[in-house]
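A closer look at the structure
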Amino acid sequence: MSEKNKGIFYIILAALCFSLMSLFVRLSGDIPAIQKSLFRNLVALIFAAVILRKEKIPFRAGKGNTKYLILRSFFGTLGIFCNFYAIDHLALSDANMLNKLSPFFAIILSYFLLKEKAAFYQVICVITAFIGTLFILRPGFDSMITFPALIGLLGGLGAGTAYTMVRVLSGRGVKGPFIVFFFSAFSCCAALPFCILNYTPMEPWQLGFLLLAGLAASGGQFSITAAYSHAPAKEISVYDYTQIIFSSLWGILFLGEFPDWISITGYVIIFGASLAMFLKKQREA
């Protein structure tokens, strides 16, 4: 499997995991978003620590990498806090759509920071995929002007910046598990003071859903780190939109949300853009 195809596989796997995380976060009930994020990152921290020890990867950043790790962790933490807030206050499809703006930010930042130029057809495919998300968002399009929607948009910016830093760190030889470990530890430290001062008691079923969200997020975090380690954002970011497809499926199965024909049109547009980009790259190869 080529490096690009590995990146595609991992980013679709990450989309599946993050869609499950969103579902479990919603099902966990009325708990502060920062408290939810603490459990999400705590599980990822444990997994990352175990993998680091098992693979005997040193617990150190390497010369000149600390600043990029801090930037990745800061913007990633911002993205999580904002995304969890949006999930709690918007329709699930709206929150995921806003978070899926992160590839746009990743491509823009990759151009300025990594000098990775996107081909014209790649730009067209990403724009087409974005149009597809607007079809899916249509039932709640007016909610984009609300405060929760603006927070969700800020989360997309944070995630896109974080993924760009992952690309920078991978190019500098930093291992994926250490990136996840550093980010998870940073996020836990950021959330812990709030949770100590404003802890909300939880029922056992709520704790169970949050632990499931943490497991799903761990899978997504390792997968997204692997994806951007294998390929640049301009080649694989469009496949991240499959998370909207997965989220819509979970909405049908567990939340009673049935998409209409306009939403289905959006799904077709997204898959069409993804397929067009894939076939074009295969033809060039």
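On a predicted model such as this, the values are computed, not experimentally measured, just so you know.

Brief notes about empty space enclosed by the protein
Rolling a probe over the atoms, with the probe sized like a water molecule, indicates the empty space that remains. Per the stated rule, a full pass over the model turns up one cavity of 30 Å³ or more. For the largest cavity, the calculated volume is near 210 Å³. Phe18, Arg40, Ile80, Ala159 and Tyr163 are, among the 17 residues lining the largest cavity, the residues nearest its centre. Mapped onto the lining of the largest cavity, the elements with two or more residues apiece are helix H1 (3-27), helix H3 (66-89) and helix H7 (147-171). Tallying contributions element by element places H3 first for the lining of the largest cavity, with six residues. Residue classes in the lining of the largest cavity are distributed as eight nonpolar, six polar and three charged.

Comments concerning the nonpolar core
The biggest cluster of nonpolar side chains holds 61 residues, and the ones touching the most others in it are Ile11, Met21, Phe84, Ile224, Tyr228, Ile236 and Val238. Here the element with the most residues in this core is helix H8 (residues 176-197); it accounts for eight residues.

A closer look at the environment of Gly62
Relative to the helices and strands, Gly62 is located in the loop between helix H2 (33-54) and H3. Measuring from C-alpha to C-alpha, the distance between Gly62 and Gly173 comes to 8.8 Å, with 111 residues separating the pair along the chain.

Some points on the packing of H7 against helix H9 (residues 204-230)
It is at 9 Å that the axes of H7 and H9 come closest, and there the two elements cross at 60°. The orientation of H7 relative to H9 falls into the category oblique. For the pair H7 and H9, the crossing hand works out as right-handed. Every residue of H9 that contacts H7 at Tyr163, Val166, Arg167 and Ser170 is listed here: Ile224, Thr225, Tyr228, Ser229 and His230.

Considering the packing of aromatic side chains
Per the counting criterion, the structure on display carries eight aromatic pairs. Ring plane angle 85° and centroid distance 5.2 Å describe the contact between Phe74 and Phe75, whose orientation is recorded as edge-to-face. On the accessibility criterion, Phe75 (23% relative accessible area) is partly exposed. For the ring pair Trp205 and Phe209, a centre distance of 6.3 Å and an interplane angle of 85° mean the geometry is edge-to-face. Of this pair, Trp205 and Phe209 both sit in helix H9, four residues apart, which is roughly one turn of that helix. For Trp205, a relative accessible area of 46% translates into the label partly exposed.

Thoughts on the state of the cysteines
Counted according to the given criterion, the structure contains zero disulfides. Left unpaired, Cys82 is separated from the closest cysteine sulfur, that of Cys195, by 16 Å. A disulfide-free cysteine, Cys188 has its sulfur positioned 6.9 Å from the sulfur of Cys189, the nearest such atom. Among the residues examined, Cys188 registers a relative accessible area of 9% and is labelled buried.

Observations regarding the layout of surface pockets
For the second largest pocket, the calculated volume is near 170 Å³. Surrounding the second largest pocket, Ile51, Glu55, Ile57, Lys175, Gly176, Pro177, Phe222, Thr225, Ala226 and Ser229 form its lining. Among the secondary structure elements, those contributing two or more residues to the lining of the second largest pocket are H8 and H9. With four residues, H9 is the largest single contributor of residues to the lining of the second largest pocket. A per-class count over the lining of the second largest pocket returns five nonpolar, three polar and two charged.

Thoughts on a nonpolar patch on the surface
Together, Ile108, Tyr111, Phe112 and Leu113 make up a nonpolar patch on the protein surface, roughly 420 Å² of accessible area in all. Inspection of the secondary structure puts Phe112 in helix H5 (residues 102-114). On the basis of relative accessibility, which here comes to 54%, the residue Phe112 falls in the exposed class.

Considerations on the pattern of salt bridges
A full pass over the atoms with the stated rule returns two salt bridges. As a salt-bridge pair, Lys6 and Glu3 come within 3.6 Å of each other at their nearest N and O atoms. A residue pair is termed a helical-turn pair when its members lie 3 or 4 positions apart in one helix, as Lys6 and Glu3 do in helix H1 at three residues. Residue Glu3 is classed as partly exposed on the basis of its relative accessible area, which comes to 40%. The partner of Lys36 in a salt bridge is Asp88, and the shortest N-O contact between them spans 2.7 Å. With a gap of 52 residues between them, Lys36 in helix H2 and Asp88 in helix H3 connect regions that are remote in the sequence. On the basis of relative accessible area, Lys36 is assigned to the buried category, the value being 1%.

Cut-offs applied
Residues numbered from 1 in each chain as written. Predicted model: local features only at pLDDT ≥ 70, side-chain atom pairs only at ≥ 80, totals over all residues. Heavy atoms only, no water. 1 Å grid on protein atoms, 1.4 Å probe; cavity = no way out; pocket = protein on both sides within 12 Å on 5 of 7 lines; lining within 4 Å. Points joined across faces, edges and corners; volume = space filled by probe spheres on them. Helix = DSSP H or I, 4+ residues; strand = E, 2+ residues; numbered from the N terminus. Nonpolar A, V, L, I, M, F, W, Y, C, P; charged D, E, K, R; others polar. Core = buried A, V, L, I, M, F, W, Y, C linked by side-chain atoms within 4.5 Å. Buried < 20%, exposed > 50% of the residue type's maximum accessible area, 1.4 Å probe, protein only. Axes fitted to C-alpha atoms, helices over the stretch in contact; angles between N-to-C directions. Parallel < 35°, antiparallel > 145°, perpendicular 65-115°, else oblique. Left-handed = near helix turned anticlockwise from the far one by under 90°. Contact = heavy atoms within 4.5 Å. Phe/Tyr/Trp six-rings, centres within 6.5 Å; stacked < 30°, edge-to-face > 60°. Disulfide = S-S within 2.5 Å. Patch = residues over 30% accessible without salt bridge, like charges linked within 9 Å, V, L, I, M, F, W, Y side chains within 5 Å. Areas by Shrake-Rupley, 256 points an atom, 1.4 Å probe, with all protein chains shown as cover. Salt bridge = Lys/Arg side-chain N within 4 Å of Asp/Glu carboxyl O.

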